[in-house]
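Understanding the architecture of this molecule
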Amino acid sequence: MVSRVIPVDQFDLVIFGGTGDLARRKILPGLFRRFCAGQMPPDARIIGAARSDLDSAGYRQMIREAIAEFGGEQACGDEQLDAFLAQLEYVTIDALGEAGWSELQKLMEGSDRIEAYYFSVAPSLFGDIAERLQKWGMADTRARIVVEKPFGRDLETARALNKTLATYFNEDQIYRIDHYLGKETVQNLMAVRFGNMLFEPLWNSQYVDHIQITVAETVGVGGRGEYYDKSGAMRDMVQNHLMQLLCLIAMEPPARFDPDAVRDEKLKVIRALDPVLAHHIVRGQYQAEPCNEAENPGYRTAVDNPRSRTESFIALRTEISNWRWAGTPFYLRTGKRMAARSSEITVVFKDTPHSIFGDEAGSHRNVLSIRLQPNEGITLGVTIKEPGPGGMRLIDVPLDMSFAETLDPEDIEHVDAYERLIMDVIRGNQTLFMRGDEVEAAWAWTDPIINGWVTRNDVPKPYDHGTTGPTDAEDMIRRDGRKWRKITQ
Ligand code: NAD
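Definitions and limits used
Residues numbered from 1 in each chain as written. Predicted model: local features only at pLDDT ≥ 70, side-chain atom pairs only at ≥ 80, totals over all residues. Heavy atoms only, no water. Helix = DSSP H or I, 4+ residues; strand = E, 2+ residues; numbered from the N terminus. Rg over C-alpha atoms; globule rule 2.2 N^0.38 Å. Buried < 20%, exposed > 50% of the residue type's maximum accessible area, 1.4 Å probe, protein only. Contact = heavy atoms within 4.5 Å. Core = buried A, V, L, I, M, F, W, Y, C linked by side-chain atoms within 4.5 Å. Pairing = 2+ DSSP bridges. Axes fitted to C-alpha atoms, helices over the stretch in contact; angles between N-to-C directions. Near = heavy atom within 4 Å. Polar contact = N/O pair within 3.5 Å; in protein donor to acceptor, adjacent residues only side chain to side chain. Areas by Shrake-Rupley, 256 points an atom, 1.4 Å probe, with all protein chains shown as cover. Nonpolar A, V, L, I, M, F, W, Y, C, P; charged D, E, K, R; others polar. Disulfide = S-S within 2.5 Å. Parallel < 35°, antiparallel > 145°, perpendicular 65-115°, else oblique. Left-handed = near helix turned anticlockwise from the far one by under 90°.

1. Let's talk about the overall build of the chain
In terms of helices and strands, the chain carries 15 helices and 15 strands. For a compact globule of 489 residues, the expected C-alpha radius of gyration is about 23 Å, and the chain comes in at 24 Å, within 12% of that figure. Taken along its principal axes, the extent of the C-alpha atoms in the chain is 80 × 55 × 50 Å. A burial count over the chain gives 53% of its 489 residues as buried. A sequence separation of at least 24 residues applies to 77% of the contacts in the chain between residues at least 6 apart.

2. Re the nonpolar core
Ranked by internal contacts, the top residues of the largest apolar core, which has 108 residues, are L28, L31, F84, Y118 and I249. In terms of residue count, helix α9 (residues 232–250) provides more of this core than any other element does, twelve residues in total. Once residues within four sequence positions are removed from consideration, I249 is found in contact with L189, R193, W203, I211, W325, F330, I345, V347 and I370. Ranked by size, the runner-up nonpolar core spans 34 residues in total, among them A95, L133, M138 and F151.

3. Quick notes on the sheet that holds strand β2 (residues 45–50)
Spatially, six strands are ordered β3-β2-β1-β4-β5-β6 in an open sheet, and the strand pairing comes out parallel. The open sheet has two edge strands, β3 (88–92) and β6 (174–176), and neither has a second partner. For this sheet, the mean angle separating the axes of adjacent strands, direction not counted, is 20°. Two strands pair when backbone bridges link them, and β2 and β3 are joined in this way by five bridges, in the parallel orientation. From the neighbouring strand, I46 faces β3, where its bridge partner is L88.

4. Focus: the site of the ligand
Around the ligand, the structure places 19 residues, and the nearest of them are T19, D21, R25, A95 and V121. Residue T19 places a side-chain N or O atom 2.7 Å away from an oxygen atom belonging to the ligand. Between the ligand and D94, the relevant distance is 3.2 Å, taken from a nitrogen atom to a side-chain nitrogen or oxygen of the residue. When isolated, the ligand has an accessible area of 830 Å², and the protein chains bury 75% of it. Per-element accounting of the shell around the ligand gives the leading share, three residues, to helix α1 (residues 21–36). When the residues that make up the shell around the ligand are grouped by side-chain class, the tally is nine nonpolar, four polar and six charged.

5. Regarding the sheet that holds strand β15 (residues 461–463)
If you trace the nine strands from one edge of the open sheet to the other, you get β14-β13-β12-β11-β7-β10-β9-β8-β15, paired in mixed fashion. A single partner strand is all that each edge strand has here, and the edge strands are β14 (394–400) and β15. Across the sheet, the axes of successive neighbouring strands diverge by a mean angle of 20°, strand direction being ignored. Where strand β8 (residues 281–286) and strand β9 (residues 313–318) come together, four bridges link them in antiparallel fashion. Bridging from a neighbouring strand, G284 pairs with F313 of β9. Helix α7 (residues 184–195) rests against β11 (342–349), β12 (367–373) and β13 (377–385) of the sheet, and its axis sits at about 150° to β12. Against the sheet, α9 makes contact with β7 (208–216), β9, β10 (330–335), β11 and β12, and its axis sits at roughly 145° relative to β10, the strand it touches most.

6. So, the pairing of β10
Where a strand is regular, its side chains alternate between the two sheet faces. Counting buried residues along β10, six of its six residues qualify, which places the element largely inside the surrounding structure. Here β10 shows two buried faces, one formed by F330, L332 and T334 and the other by Y331, R333 and G335. Direction of pairing for β7 relative to β10: parallel, over a ladder of six bridges. Bridged to V215 within β10 is T334.

7. A look at the side chain of Q87
Within the secondary structure, Q87 sits in the loop between α3 (78–85) and β3. One polar contact links the side chain of Q87 to the main-chain carbonyl oxygen of P41, over a distance of 3.4 Å. Here Q87 is in contact with F35, M40, P41, P42, D43, A44, R45 and I46, once residues within four sequence places are set aside.

8. A look at the state of the cysteines
This model, assessed by the stated rule, comprises one disulfide. Between the sulfur atoms of C36 and its disulfide mate C76 the distance is 2.0 Å. With the S-S bond torsion at -70°, the cross-link from C36 to C76 turns out left-handed. Within this pair, whereas C36 is found in helix α1, its partner C76 is found in the loop between α2 (56–70) and α3, the two being separated by 40 residues in sequence. Judged by relative accessible area, C76 falls into the partly exposed class, the value being 27%.

9. Section: the environment of G436
Locating G436 in the fold gives a position in helix α14 (residues 436–456). When the C-alpha atoms of G436 and E171 are compared, they prove to be 7.6 Å apart, with 265 residues separating the residues in sequence. Not counting residues up to four positions away in its chain, the partners in contact with G436 are N162, E171 and R176.

10. Considering the packing of α9 against α14
Between α9 and α14, the least distance of the axes is 10 Å, while the angle of their chain directions is 140°. Regarding the angle of α9 to α14, the classification is oblique. Note on packing geometry: the crossing formed by α9 with α14 is right-handed. Each of M234, R235, V238, Q239, M243 and Q244 in α9 lies in contact with α14, whose residues at this interface are E438, V439, A442, W443, W445, T446, I449, I450 and W453. For the contact of α9 with α14, the class distribution of residues is ten nonpolar, three polar and two charged.

Dropping the structure here:
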């Protein structure tokens, strides 16, 4: 089995913020890998547009260095790199002024290719760039814009941003990126759910005891302290990544795998989410690593705000009020400086209604675990007889659907989420991008939770570096007679 690479049509991709961290670390190295794979047409143009005073030669050198640093093992040799870099151009531009716009317009003039504009800049610039694209005649119906997160900081700002973008572009031209949706396993989750008869009949409150979604990071806030302290785990992770995963695991089967059918179903999930009760949510803030405070300071030191009340950890329980899920708890958890880097969705099935093996056989549950990172793969825990003599002793063993082992590694093309999503933009496929009403509905659910903390002057609970968060999070799930999955690498 050899993976198929279908080249995309000719395109011009303008990357506003083309000299920034995201462009250098993810977007350009990702595009180079698509070039190496033969997916990027040889005449496609990538135009970096940013504030730095560079010419195209200087930009190519910057991206050569970025690819050397972040390009990964799939980089395909010097000759190919030169050919890729030859497709790059650069315009010094001011998103807030007029400098550079006529030069960009000239570059884009007369082209009948697909035009995509990636807004890889601070969200405060999204509206200005959209406005100038229109003013300079680049916002025609062929144009597509890719908008980075965060998309607003609450319902009001998200609505305002949607309204601004809608002034210049139609919804089918706007690609709101959530890179979690570009991950291989996330798409595999849909294949497993809707491509097999096996799971769907069991995918409801009658057979599922509860679902857990964990996104744990070992890193702290790093250099993003100022931004993060105004945002926190709820805005930075839950409102987008975790809620998107929740939607995919809980949604009804869409009639077709097409953008609006999928996004309609995701929206219904968000709208059916129950409000979160105050005792069903735990916020935390990480402490410094003992004896290594200089290297791994506590949250408040890292963000340079000794009185900060922003959370670096969240654990919450919610329910979905619809026929499929009523009564099934969904536990969401995310945090920084935790025991291991691990993103996992776990579906825990109910006990068998009666054990024919007696009490000594113990309680055994089927657990379907979908790992996003690291070691992407899906594992189904099944109960079998422990081999050998000595009676009927039951053990749980994993039925491992790890792609790396099942499929020939030579045949698996590891595609980073960003490069997959950019190719989807060029193909004009919005299935893995968030629609405006979805983003607003997600804020409508998170806003009251965040406002509740503000009103109550809520202070996050401290938790130790390298742990699973505050002990209150363990207590919260224990009160329900359940426990969190272990966070392991
Ligand atoms: P960055 O600060 O590293 O880069 C910002 C870019 O914007 C630079 O190229 C800069 O020249 C350009 N810029 C700034 N002001 C400008 C102006 N007035 N006119 C024209 N260009 C201007 O930022 P980043 O980390 O690359 O993030 C870019 C976007 O991506 C942000 O919205 C961020 O929230 C989002 N994002 C970044 C990451 C990441 O890992 N870096 C992850 C997720 C989302």
